[in-house]
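# Structural features, examined
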10 protein chains.
Amino acid sequence: MALNVTVDGVQMDQHPYLPLASQTLFNAKASKKLSFEDIARSIGRNEVATAAIFYGQASASAEDIQGLSSLLDIPREQLFQQLSGFPDRGRSVEMPPREPLIYRLYEIVQNYGYAYKAILNEKFGDGIMSAIAFSTDVKKEIDPQGNSWAVITMRGKWLPYSRF
Amino acid sequence: MALNVTVDGVQMDQHPYLPLASQTLFNAKASKKLSFEDIARSIGRNEVATAAIFYGQASASAEDIQGLSSLLDIPREQLFQQLSGFPDRGRSVEMPPREPLIYRLYEIVQNYGYAYKAILNEKFGDGIMSAIAFSTDVKKEIDPQGNSWAVITMRGKWLPYSRF
Amino acid sequence: MALNVTVDGVQMDQHPYLPLASQTLFNAKASKKLSFEDIARSIGRNEVATAAIFYGQASASAEDIQGLSSLLDIPREQLFQQLSGFPDRGRSVEMPPREPLIYRLYEIVQNYGYAYKAILNEKFGDGIMSAIAFSTDVKKEIDPQGNSWAVITMRGKWLPYSRF
Amino acid sequence: MALNVTVDGVQMDQHPYLPLASQTLFNAKASKKLSFEDIARSIGRNEVATAAIFYGQASASAEDIQGLSSLLDIPREQLFQQLSGFPDRGRSVEMPPREPLIYRLYEIVQNYGYAYKAILNEKFGDGIMSAIAFSTDVKKEIDPQGNSWAVITMRGKWLPYSRF
Amino acid sequence: MALNVTVDGVQMDQHPYLPLASQTLFNAKASKKLSFEDIARSIGRNEVATAAIFYGQASASAEDIQGLSSLLDIPREQLFQQLSGFPDRGRSVEMPPREPLIYRLYEIVQNYGYAYKAILNEKFGDGIMSAIAFSTDVKKEIDPQGNSWAVITMRGKWLPYSRF
Amino acid sequence: MALNVTVDGVQMDQHPYLPLASQTLFNAKASKKLSFEDIARSIGRNEVATAAIFYGQASASAEDIQGLSSLLDIPREQLFQQLSGFPDRGRSVEMPPREPLIYRLYEIVQNYGYAYKAILNEKFGDGIMSAIAFSTDVKKEIDPQGNSWAVITMRGKWLPYSRF
Amino acid sequence: MALNVTVDGVQMDQHPYLPLASQTLFNAKASKKLSFEDIARSIGRNEVATAAIFYGQASASAEDIQGLSSLLDIPREQLFQQLSGFPDRGRSVEMPPREPLIYRLYEIVQNYGYAYKAILNEKFGDGIMSAIAFSTDVKKEIDPQGNSWAVITMRGKWLPYSRF
Amino acid sequence: MALNVTVDGVQMDQHPYLPLASQTLFNAKASKKLSFEDIARSIGRNEVATAAIFYGQASASAEDIQGLSSLLDIPREQLFQQLSGFPDRGRSVEMPPREPLIYRLYEIVQNYGYAYKAILNEKFGDGIMSAIAFSTDVKKEIDPQGNSWAVITMRGKWLPYSRF
Amino acid sequence: MALNVTVDGVQMDQHPYLPLASQTLFNAKASKKLSFEDIARSIGRNEVATAAIFYGQASASAEDIQGLSSLLDIPREQLFQQLSGFPDRGRSVEMPPREPLIYRLYEIVQNYGYAYKAILNEKFGDGIMSAIAFSTDVKKEIDPQGNSWAVITMRGKWLPYSRF
Amino acid sequence: MALNVTVDGVQMDQHPYLPLASQTLFNAKASKKLSFEDIARSIGRNEVATAAIFYGQASASAEDIQGLSSLLDIPREQLFQQLSGFPDRGRSVEMPPREPLIYRLYEIVQNYGYAYKAILNEKFGDGIMSAIAFSTDVKKEIDPQGNSWAVITMRGKWLPYSRF
């Protein structure tokens, strides 16, 4: 195991299955001291999608790569080579998640899974909410007492089961 | 294993760990032919929370029990006895979920878990989004092409890690 | 555990998570001595889909229920009550499958999974083949040497990942 | 862990159990900018089988190695040495699959496994569809509405259980 | 599965591995409408230990049984027969815990396990904190802002590793 | 795998998922021959929290980093770079724990989990003890017979489930 | 759980997933006091295959059923109904096996698996030994010192991988 | 991870737990272009045992080491040092096996495990077939139709349970 | 699930896989108020072996059955029928054990496993200590300070690996 | 992965979680050609404990380190640095054990676990045999027929459960 390289929030040795692009991107982000909000705004994508690109969980278009290359000062050829393939998704989180923040999301699925299914079936019939034709967003709210609340929105196309 | 009793969307033998209240409630819902939307509106609660009560994953207040008893014609004493305890949560979904609809939610956590963490940490600092001080909601949208979309909103209080 | 009831190819105690409808349907099929091919032709559905209804893995429309009720001499009201809910899928096969026939399909996914992904990504881009907007079919072929071959066809809609 | 080497769609560190040949082949494919369709046509094999060779999941004959060596400009001796052994199959996909595309295939087995078994048993008797005397194919279809559909065909010899 | 019997906070079908005494005790507690605090004070034991007796996780002395019999109106002979054996511990919680309250305790072990070990080793040397020569207690605190805090204290004998 | 580097109580190769900061901190602690008690007192934090920082399980503030840098003679810039990110928690202990000391804590959760839940629910209602708004402490006691006892205190904010 | 019924070497409650035929056959075998050797000779099948029929792991032909019915005094109609379906194999042994005798076979696979593969590949090329076109036999040998040895022979058709 | 070294049928990176001797032996075997049959005949051992030595699953005597050293041109001192220890068995196959050839053997245990136990118990009484006082052999047969069959023989001493 | 029947130290519903004989024996032992020491002495066997018979983990000879029948007033025919088969071992303890007493034995194997192997290999060569040609014993010792110590002795025949 | 270093009975790459001290000690033991019996006698400790120190599963006192340093010609400073920490136990054996010798010990716990518990509870009351205040020993016996027997003795302090 060679020298550990720390990047802002990601250390490759702790995430051995992340692609090489992750290291390149997180290193550049750390040295530029940019937030995902900054980067997302610059390349015209959602923050979560932007972070997902960094973690190898979403694909980047040619324009995205161009934008990231310019903003982060990464040679375009290098970034294109590392980032233009098809993501090999599902490799960043081990399930069940051990990270408390991610575990809370898992717990929501564990506790409310059948309640979601019941409501969705009643509203839409027999089918699923797509996780592919899908987008998601994170917002911050401050309530009148000054407490912060995180609001996650997930929007997926409804896919009815085919009759055959 | 005694005779299987089918109820609308829930068959107790398929969910051996659900509490007795689930059977009572689903049976009454089926014979009354009411949707969760009907029931939720009647007792003044959110649809997902209402379904979660049916699945033993959320607690019902005295008024909720009174309202369910009236609407569903379940003897109040019986429902109170079955429903007034503290829920033993986490028993309805086996993880990883085998139900395709619920699996899609699990997959979202698996794929976007670290992206959510990155964005939430940047917006709020070191902490978690609570799954307890938490509410959730399901909406249906129809896009201009006539496609249906499911929108799930999750709203949780931000809890910063204590310094000690 | 009450008395085991054997039905053609399905014994409920061996499949404790199948819905009540499975027992009704398999019992009737056995006493009528009908094949899935017979039943599928009669109700106008694919054989695999028909068997999937019997195993609680596919939904039956009102006409399907009507057709099954007539063909199998099951009281329509009873079948409607048992079969009209939303399937709770994924409960018939424990993974990894221990049944050798089903294991072979699992092995195909295990061995050729990334090859399928590579070919599908090159042909369609970043996305998945839907298992929901999906149909499947089984055929028997006899080669010139008299050997039998099974041919399984799977056809799923291509879903590209949303850009967000 | 030495330097990560990215190749088109395969990064060795993300697939630590792939054989050395995978790295050689994917590197050459990337620098030649060839698709599996190109390569399969050139060596006269099916696309899925060709990708399976790249992933170490299928064996290559002497002619295949010769063909790949010529097409991809890999020294023949090197490729022969890396590719002429017997594949150690089953090492590319971790089960259950975390990759969403591959998971969909797994889900099909999970949901339709017993339906396939029922239909195959009725058509062929007691036995299995071989995954060894087996071929598979992927096709792309466009329906009248312009939607893309993926069609996977699996063809395996029927093996009846021996009586002994 | 016979009729589910609900008791305050425990439904035997949801906890199939609890001993018969659990059902007897929880039924009596529910009909007497007593809290564990009431019961613990009456029999002179700690609340957690008292609840652990109810869940079959701690042993009851002859006086405990006598006290429980009197307070809960359970025939002494019956309770003695059900409760005087040696507990078969570890059967109430499936690990990892799916119940959110219990999961939080599990998460504390997961996150702080090595920190506890480091501090304990520095303070006591090479050994463990006993979970047998052990007691625990739960307290409620209200801070000046009116927030409630739960305080769990665990006290275990330090056992140094034998030198041999 | 490069040369193993031993540090006091932590050897990186035995904990492959610890962040780079762990190695830096444990190395410095070993060469300075300081206990966690010394370090905690110096930076004004609790011992367990201090050890948790070393294991990458708790975040360090700018002052903590400053304090650690001074006390341990680690270049401030280096420590800031390695330690200022958001912890990726849950990576130090594999569950179930194999280390006997940590296993004892796990066993306490396994045996007393439902007893804790029952007592907490009776005292506080439906909710959980937070593991985030949380602190913990370790004390050493000597009883009159000269035996050592470890006392672990856990204090977490009570979070009632939201009604929605 | 109803009354346990003990049969020679099989108690249904210990093997909850065995088909109903197992109970019928083992009961009759016990009351007739016949060995598998007796039964196998009578119906003209191998002993292991005969036992496999009893455990629901092999199919019985019409003549087998006729022979078993006569020998064991089981009404032919009843046995035909219970035994004429297609076996749902793989349900008798939980893997890894906990039974020491069966574990030893598992250990042989674990220890010699790759050695078998190496030898088989060198002798036959790329393929597998079929477990379907397969027979097996058990023999007893006594060596000159009077020690007993068990000899298990497995004979499977060699299936070469198809080239496609 | 350093450069992958391919050897005939074994690539060390794919088998990270094999001992160093495996690499030495497989490299020499590949460069000498010898089969296990050649090697086994030369050192006077069974083929499976010989392959098991290569995979670190069987011990080599001093004469075996001498023979392998001569035949394979490996310095005797080096081989003696790498091969003279006690094997750390069970490290080559992950269970359940993912390799199809090895899986078939596993499936035989899974399907016929209790049938073997029943027959062995009837023939020998209460005990096990040893996997230690054990030998095994692989043969190739060609049937009159020209089909190849693999025949695996396992011979183990019968060990009766001690009475105590 | 029918009425739970409590027996001294064993409640069948908590051990669903124990044979029927366990219930018969434990019931009789409880009503006779005999210890295993009493019973072992009476039938002339070791205490651990006697308890193992009760748990279905050891076989009973005809004399053992005769002795147990007399001592415990169980009809001889009934006991013979329930106890004369071949034990289906390994069904009483789920691994890893959740019972703290049994876990400690498991932990000893986990911690000292390789140390035992090293010492045994050095003393005996390449082989194993048999768990079949095996006996075990439990003793109580009181040290001069009045502390109780448990001493478990395990004695197994050494089996050298066959050379083949 | 750097060059594998073989040591007598331990190869670090096969035991990636062993501490650095293991490599130092096993290398020195191999070059000195000393048995654990030699070493144990020299440092005045039990053989199993000595091997446990080599495997990082037991702590070494200052005198042990001094003794090992002298006997094995390891620089005292180096050994002190590597060996003076607190062991991180439980890392050498993966459970369930795949090594046949260690598996036999695991099987003893699996088969006799509840028998041990029953006997120990009857002899000592409610409690456990400590694995910390514990010693163990291995002896070799030759019976009159010349057979070798291994005798393992485990002696642990009895810890009664605290009443609280």
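Here the structure is a predicted model, which is why all the values come from computation and not from measurement.

Let's shift gears to the overall build of chain A. Along its length, chain A carries 6 helices and 4 strands. Counting helices and strands in the order they occur from the N terminus, chain A gives β-β-α-α-α-α-α-α-β-β. For the C-alpha atoms alone, the extent of chain A along its principal axes is close to 50 × 50 × 35 Å. A buried classification covers 64% of the 164 residues belonging to chain A. Summarising the internal contacts of chain A: among those between residues at least 6 apart in sequence, 47% fall at separations of at least 24. Of the roughly 5600 Å² that chain A leaves accessible, carbon and sulfur atoms contribute 50%.

What the 4 strands build is an open sheet, ordered E3(C)-E4(C)-E4(D)-E3(D); its pairing is antiparallel. Each edge of the open sheet carries a strand with a single partner, namely strand E3 (127-142) of chain C together with strand E3 (127-142) of chain D. Here the strands of the sheet are splayed against their neighbours by 20° on average, with no regard to which way each runs. Examined bridge by bridge, E3(D) and strand E4 (residues 148-160) of chain D share 12 bridges and lie antiparallel to one another. Within E4(D), the residue paired with Phe134(D) across the bridge is Gly156(D). The strands touched by helix H6 (residues 100-124) of chain C within the sheet are E3 and strand E4 (148-160) of chain C together with E3 and E4 of chain D, with E3(D) carrying the most contacts at an inclination of about 25°.

Time to look at the pattern of salt bridges. Summed over the entire model, instances satisfying the criterion amount to 130 salt bridges over all chains. As a salt-bridge pair, Lys139(C) and Asp137(C) come within 2.5 Å of each other at their nearest N and O atoms. By relative accessible area, which is 24% here, Asp137(C) ends up partly exposed. Linking Asp64(E) and Arg163(J) is a salt bridge whose minimum nitrogen-to-oxygen distance equals 2.7 Å. In this pair, Asp64(E) is assigned in helix H4 (residues 62-72) and Arg163(J) in the segment after strand E4 (148-160), connecting two distinct chains. With a relative accessible area of 1%, Asp64(E) lands in the buried category. With a relative accessible area of 47%, Arg163(J) lands in the partly exposed category. A network of salt bridges, in which partner residues are shared, links Arg45(A), Asp64(A) and Arg163(C).

Take the relation of the copies chain I and chain F next. Overlaying chain I on chain F yields an RMSD of 0.0 Å, the required transformation being a rotation through 180° with an accompanying axial translation of 0.0 Å. Here the two chains are linked by the operation of a two-fold rotation axis. Considering only C-alpha atoms, the residue of chain I closest to the rotation axis is Pro96(I), which sits at 4.7 Å. The share of interface residues of chain I whose copies in chain F are also at the interface is 100%, consistent with both copies meeting through the same surface.

Following the criterion strictly, the structure yields 100 aromatic pairs over all chains and no others. Considering the side-chain rings of Phe26(D) and Phe54(D), the 5.3 Å spacing of their centres and the 80° angle between planes classify their relative orientation as edge-to-face. With Phe26(D) in helix H1 (residues 20-32) and Phe54(D) in helix H3 (residues 47-54), this residue pair connects regions lying 28 residues apart in the sequence. For the pair shown, Phe26(D) and Phe54(D) are each scored as buried. A cation sits over an aromatic face here: Lys140(D) above Phe124(C), 4.9 Å from the ring centre. Over the face of the ring belonging to Trp149(I) we find Arg155(J), whose NZ or CZ atom lies 4.3 Å from the ring centre.

Okay, the interface of chain I and chain F next. On the chain F side, the residues contacting the 8 residues of chain I number 8 residues. The contact between chain I and chain F buries some 700 Å² in all, and 39% of this surface belongs to carbon and sulfur atoms. Summed over the three residues of chain I that lose the most area to chain F, namely Tyr103(I), Arg104(I) and Glu107(I), the buried surface amounts to 49% of that side. Linking chain I with chain F are 2 salt bridges.

In this section: the interface of chain D and chain C. Taken together, the contact pairs 67 residues of chain D with 67 residues of chain C. Counting each side, the surface lost to burial between chain D and chain C is near 7100 Å², with a carbon and sulfur contribution of 71%. Our enumeration of links across chain D and chain C arrives at 8 salt bridges. Between Glu99(C) and Lys117(D) there is a salt bridge whose closest N-O contact spans 3.6 Å. Linking chain D with chain C are 18 residue pairs in polar contact (both at pLDDT 80 or more), by the criterion used here. Elements represented by at least two residues in the side of chain D that touches chain C include exactly helix H2 (36-43), H3, helix H6 (100-124), E3 and E4 of chain D. At 24 residues, the largest contribution of residues to the side of chain D that touches chain C is made by H6(D).

The next subject is the confidence of the model for chain A. Residues and elements named next belong to chain A. Per-residue pLDDT for chain A has a mean of 92; in total, 93% of the residues score no lower than 70. Low confidence marks residues 1-7, where pLDDT is under 50. Its contacts with residues over four positions away, or in another chain, come to 23 contacts. Predicted as a complex, the structure gets a pTM of 0.95 and an ipTM equal to 0.95.

Basis of the calculations
Residues numbered from 1 in each chain as written. Chains lettered and ligands numbered in written order. Predicted model: local features only at pLDDT ≥ 70, side-chain atom pairs only at ≥ 80, totals over all residues. Heavy atoms only, no water. Helix = DSSP H or I, 4+ residues; strand = E, 2+ residues; numbered from the N terminus. Buried < 20%, exposed > 50% of the residue type's maximum accessible area, 1.4 Å probe, protein only. Contact = heavy atoms within 4.5 Å. Areas by Shrake-Rupley, 256 points an atom, 1.4 Å probe, with all protein chains shown as cover. Pairing = 2+ DSSP bridges. Axes fitted to C-alpha atoms, helices over the stretch in contact; angles between N-to-C directions. Salt bridge = Lys/Arg side-chain N within 4 Å of Asp/Glu carboxyl O. Least-squares fit on C-alpha atoms with pLDDT ≥ 70 in both. Phe/Tyr/Trp six-rings, centres within 6.5 Å; stacked < 30°, edge-to-face > 60°. Lys NZ or Arg CZ within 6 Å of the ring centre and 35° of its normal. Buried area = accessible area lost by both parts, 1.4 Å probe. Polar contact = N/O pair within 3.5 Å; in protein donor to acceptor, adjacent residues only side chain to side chain. pLDDT = per-residue confidence, 0-100.

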